[in-house]
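# Fold and contact review
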Amino acid sequence: MTLFLTVITLLTSILGLWALLCSALNTFFFHYHDRKARKMDMKDGEKVSVIIPARNEEEKLPRLLESLTHQEYENYEVLVIDDQSTDSTWEIIEKFSRLDPRIKGYRSDRNVKLSPYGKINALLQLIPHATGDILLCTDSDTIHEPDSISMGVRFMKEGNLSILSGFPRQLTENYKGGLVTASMVFSNSILPHFILNPIQFIPFSIGIGQYVMMMRKDYEETGGYGAMPQKVCDDIGIIKHFMRNGRRYGFRNLKEYVSCTMYSDGKSAFNGIERSLTDLFPMNFPVIAGLILAVLSLLTFAWSPLLLPLFFLFSMTKEAAICISGWLLFHLGWYICAREIGLGRKISASAFLTITVICQMYVHGMYRRISGKGFEWKGRKV
């Protein structure tokens with residue numbers, strides 16, 4: 001038992017110190033590039049095509065299109081494809097296209113299957129209509145500030161990037177949904193973006209589908225969505241595809257420029273993020289074994305304060321102090337990252353609960369993949 005408690009002490013102290021250091025340096029990294037990009041004057045330049053796939057988005061689409069009509073960047077167009085919606089999505093697209101000639105609407109052809117995945121299939125049908133030199137793929141659940149497009153172009157130029165993604169501000173409608181959505185904070189508190197971005201390390205590169213900006217030339221030369229390996233997640237898939245083809249990638253904090261109400265409740269958040277998480281890793285025995293070990297370690301870490309009576313039972317008071325200190329340092333680092341992407345204080349302070357949910361998503365997601373049940377998203381099997 002003392003060996004077990006010693007291992008827990010080492011785990012919590014190392015993870016706590018790393019999370020705090022990583023969070024602080026990532027925050028500095030994001031602010032540094034933000035300051036550099038803001039110094040650039042980029043209100044006009046290469047034409048930007050904003051690409052929006054929309055499926056049953058009558059509630060959210062008007063807010064997005066309204067926000068896109070007030071951009072300070074001058075040279076852009078907005079292309080929206082109604083992906084076989086059964087609500088009034090198409091009528092909304094028609095209304096906005098009549099009000100603003102920069103907005104153009106299209107409908108996906110149900111007889112055309114360029115990809116087995118609905119969103120990618122819609123993107124492949126829409127992108128050929130774009131006339132811009134830069135493509136900005138975004139989702140209907142986002143709202144863009146007036147400088148959203150111009151800052152994206154600035155980030156691209158400042159970093160000499162071929163593809164850009166980043167964290168939008170996360171708006172949550174309730175505590176349970178926020179706990180699940182906060183799982184995205186894990187990447188910022190654990191992954192050292194301040195190292196991974198400069199060295200362009202492919203395995204841990206990530207993308208957020210609410211904002212993916214690409215140079216049109218690089219998209220066409222690499223084959224884009226049509227040439228990348230079959231992936232449920234279009235965002236992470238296209239990032240890794242670009243990088244494997246030698247294109248430069250950048251990840252930034254975009255909370256000041258775009259916000260997102262990704263999920264309306266805990267259940268939809270669980271299903272959506274579970275799908276993304278389990279698509280990150282191949283399902284073979286070594287990976288499954290490693291993930292199970294990681295899940296057990298994370299659960300033990302998250303609830304390690306419950307082990308304090310055991311520490312005192314075995315007269316390991318020093319180890320108990322180190323353990324709880326590491327746990328608190330991790331939560332401090334997590335809190336910094338969560339607040340950086342706009343999450344509320346209560347959700348930001350609940351890292352141990354979010355980690356528990358992450359573990360649940362991994363286990364349930366692995367079960368769905370191994371059993372062949374797969375996932376369903378927006379009424380489609382994926």
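The text that follows walks through the structure, step by step, so that each part is easy to find. Residue numbers here run from 1 along each chain, matching the order of that chain's written sequence. Local features are withheld for residues below a pLDDT of 70 in this predicted model, meaning they are given only at 70 or higher, and side-chain atom pairs are given and counted only at 80 or more; totals for whole chains, interfaces and linings count all residues. Side-chain calculation: all heavy atoms of the structure are included, whereas hydrogens and water are not.

### What about the sheet that holds strand β1 (residues 48-54)?
The strands that make up a sheet are held in pairs by hydrogen bonds between backbone atoms, and each pair lies either parallel or antiparallel. Judged by pairing direction, the sheet is mixed, and its seven strands sit side by side in the order β3-β2-β1-β4-β8-β6-β9 without closing on themselves. Bordering the open sheet on either side are β3 (103-107) and β9 (249-253), each of which pairs with just one other strand. Across this sheet, the average inter-strand angle for adjacent strands is 20°, counted without regard to direction. For two strands to pair, DSSP has to find at least two bridges joining them. The way it works is that DSSP assigns letters per residue, a run of H or I at least four long becomes a helix, a run of E at least two long becomes a strand, and they are numbered from the N terminus. With four bridges connecting them, strand β4 (residues 134-137) and strand β8 (residues 212-215) associate as antiparallel partners. Under this scheme, a helix contributes an axis fitted over its contacting stretch, all axes are lines through C-alpha atoms, and angles between N-to-C directions fall in the 0 to 180 degree range.

### Details of the sheet that holds strand β5 (residues 142-144)
Spatially, three strands are ordered β5-β10-β7 in an open sheet, and the strand pairing comes out mixed. Bordering the open sheet on either side are β5 and β7 (169-170), each of which pairs with just one other strand. Alignment of β5 against strand β10 (residues 258-260), held across three bridges, turns out to be antiparallel. Bridge pairing in β10 places T142 opposite C260.

### Some points on unusual backbone geometry
With phi around 60°, Q84 is a residue other than glycine that occupies positive phi space. Position of Q84 among the secondary structure elements: in the loop between β2 (76-82) and α3 (89-99). For every residue, the accessible area (1.4 Å probe, protein chains only) is compared with the maximum for its type, and the residue is labelled buried under 20%, exposed over 50%, or partly exposed between those bounds. Residue Q84 is classed as buried on the basis of its relative accessible area, which comes to 18%. Positive phi values are uncommon outside glycine, yet S315 reaches one of about 55°. Note that S315 resides in the loop between α14 (308-313) and α15 (317-340). Exposure remark for S315: the relative accessible area of 64% places this residue in the exposed category.

### Digging into the environment of T9
Mapped onto the secondary structure, T9 falls in helix α1 (residues 2-38). Assessed through its relative accessible area of 6%, T9 is described here as buried. Sequence separation of T9 and I322 is 313 residues, and the distance between their C-alpha atoms is 6.4 Å. Setting aside chain neighbours within four positions, we find T9 in contact with F311, E319, I322 and C323. In what follows, a contact means two residues having at least one pair of non-hydrogen atoms within 4.5 Å.

### Quick notes on the packing of helix α2 (residues 61-68) against α3
Interhelical geometry of α2 versus α3 gives an angle of 20° and a closest axis separation of 10 Å. The angle between the axes of α2 and α3 places the two elements in the roughly parallel class. The handedness of the crossing between α2 and α3 comes out as right-handed. Taken together, the residues of α3 that come into contact with α2 (itself represented by L61, P62, L65 and E66) are T89, I92, I93 and F96. Residue polarity follows a fixed list, in which Ala, Val, Leu, Ile, Met, Phe, Trp, Tyr, Cys and Pro are nonpolar, Asp, Glu, Lys and Arg are charged, and the others, Gly among them, are polar. Split by residue class, the contact of α2 with α3 holds six nonpolar, one polar and one charged. Any angle between 65 and 115 degrees counts as roughly perpendicular, while under 35 counts as roughly parallel, over 145 as roughly antiparallel, and the rest as oblique. Crossing handedness: left-handed means the near helix sits turned counterclockwise from the far one by under a right angle, and right-handed means the same turn made clockwise.

### Remarks on the pairing of β8
The alternating pattern of β8 places V212 and M214 on one face and M213 and M215 on the opposite face, and all of these are buried. Note that strand β6 (residues 163-167) and β8 share three bridges and pair antiparallel. Paired with I163 across the two strands is M214, which belongs to β8.

### Structural notes on the side chain of S108
Position of S108 relative to the elements: it lies in the loop between β3 and α4 (118-126). Between N or O atoms, a polar contact is any pair within 3.5 Å; within protein, one atom must be a potential hydrogen donor and the other a potential acceptor, and residues adjacent in sequence are included only when both atoms are from side chains. In terms of polar contacts, S108 uses its side chain to reach the side chain of D83, at 3.1 Å. Sequence-distant contacts of S108, that is, excluding residues within four places in its chain, are made with I81, D82, D83, Q84 and Q125.

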